[in-house]
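Each chain, written out:
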Amino acid sequence: MVNVRDFEGAAKAVLDPVYYDYFASGAQDEVTVRANEEAFRRLALVPRVLRGHKPPRLGHTVLGSQASMPIMVSPTAFHRLAHPEGERASARAAAEAGVIMIAAMLATVAVEDMAAEARKVADDPALWFQLYLQPDLGFTEALVRRAEAAGCAALVVTVDSPALGRNERGDRNGFHDLPPGIRCENLREAGGDVRSVVLSPEISWRHIDWLRGVTALPIVLKGVLHPADAALALRHGVDAILVSNHGGRQLDGTPAAVDRLPVLADAVGGEIPLLLDGGIRRGTDVVKALALGASAAAIGRPVLWGLAADGEQGVSRVLGLLRTELLNALTLCGCDSAESVPRDLVVRGAM
Ligand code: FNR
């Protein structure tokens, strides 16, 4: 297996087809799932030559978390459907690689246990926590306290989910519940059942203000696509935006995430960092995201493919392959660091 695509093939070969569909699928016609990857193909790289640089530096810092490269792990639910060790294995692999991992609220391993696993392999692992704000603020606050106590360094609030997206592969497969023995360990108090999570259209900026008041952790909004919302995020004291369409799993028909970067970069005017996920499968995709204004790019499904194919080793291999590809791509582009990728490296529609 020499690239992320190979890992998807390997994962598909070993996974229960119902779980493979859960990981791979998106909402309805999956137009946005495909758009995320296709958008990168429509962006071309125009390298600079004869720069005389040393090999590029990959290290970077986001919201105070240091990482060995600008590739992060996006939150994805239910890792134990991919591998018996689930998030224990992914947390160790991410910490070992020195990348920021965003633990999912719907993880099948508790955030405390993920943090403990990460600390087995790194002194100061960078773990963030993803949150679906619950109308029950007491419950939400209890989760925030658990994330804080576990050492999470930022809260990632997913804001593209006022309802669950319509997943037709899941409907066809009748996949609506976790199998016996696997549950959402962060929701223990609520029974650990996925159905205890409330996705409510009544969540609003008021809740972000409330969250700002109950925690000192940096707050990242995940799932912003409209520049007016980016401007509101600034007004409400948000610390970063993760530009994302949820990997095409929520509203089908949203634009490719990477295509929203330029307009969102204009909207925030460098005041807060932008992160990006959706369709990152190559080191060159990361370079394109960095050129268009992202401070880092994050991966969702590739981690699941690595995990399903070979547990912790598989996730390590996926992160290692992307690191090698990113280093190679930056070198070939004539860049000396991941933090200084110029905008004019990318042109549209020139392939
Ligand atoms: C997700 N994603 C997600 N996001 C989130 O905020 N909370 C969650 O619980 C989940 N769960 C989840 C499960 C699965 C199986 C997938 C594939 C995705 C979305 C995720 O964080 C990210 O936005 C996308 O996965 C990025 O796209 P790629 O890298 O998968 O193309």
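Residues numbered from 1 in each chain as written. Predicted model: local features only at pLDDT ≥ 70, side-chain atom pairs only at ≥ 80, totals over all residues. Heavy atoms only, no water.

Within helix α2 (residues 17-24), 6 of the 8 residues are buried, which leaves it mostly tucked inside the rest of the structure. Among the residues of α2, those classed as buried are Tyr19, Tyr20, Asp21, Tyr22, Phe23 and Ala24. Packing partners of the buried residues in α2 comprise α1 (4-14), α3 (31-41), α7 (168-173) and α12 (301-333). The N-capping residue of α2, defined by a side-chain oxygen 2.8 Å from the backbone nitrogen of valine 18, is aspartate 16. (Buried < 20%, exposed > 50% of the residue type's maximum accessible area, 1.4 Å probe, protein only. Helix = DSSP H or I, 4+ residues; strand = E, 2+ residues; numbered from the N terminus. Contact = heavy atoms within 4.5 Å. Polar contact = N/O pair within 3.5 Å; in protein donor to acceptor, adjacent residues only side chain to side chain.)

What follows concerns the UniProt feature "binding site: glyoxylate" (unreviewed entry) in the chain. Here, the residues flagged by UniProt with the feature "binding site: glyoxylate" (unreviewed entry) are Tyr22, Tyr132, His246 and Arg249. Mapped onto the fold, tyrosine 132 is located in the loop between β6 (127-131) and α6 (137-149). A residue is classified by how much of its surface remains accessible, and tyrosine 132, at 12% relative accessible area, is buried. Checked against the element boundaries, histidine 246 lands in the loop between β9 (240-243) and α10 (257-268). In this structure histidine 246 comes out as buried when scored by relative accessible area, which is 15%. Residue contacts for histidine 246: discarding those within four places in its chain leaves Tyr132, Thr158, Asp160, Ser161 and Lys222. (UniProt positions renumbered as here; feature names shortened; annotations may be inferred.)

What follows covers the site of the ligand. Around the ligand sit 23 residues in total, of which Pro75, Thr158, Asp277, Arg281 and Gly300 are the nearest. A distance of 3.2 Å separates a nitrogen atom of the ligand from a polar atom in the backbone of alanine 77. A distance of 2.9 Å separates an oxygen atom of the ligand from a polar atom in the backbone of glycine 279. With the chains in place, 98% of the 600 Å² that the ligand exposes on its own is no longer accessible. Of all the secondary structure elements, the ones that give two or more residues to the shell around the ligand are α2 and α12. A total of 3 residues in the shell around the ligand trace back to one element, the largest contributor, which is α12. A class-by-class count of the residues in the shell around the ligand yields 8 nonpolar, 10 polar and 5 charged. (Near = heavy atom within 4 Å. Areas by Shrake-Rupley, 256 points an atom, 1.4 Å probe, with all protein chains shown as cover. Nonpolar A, V, L, I, M, F, W, Y, C, P; charged D, E, K, R; others polar.)

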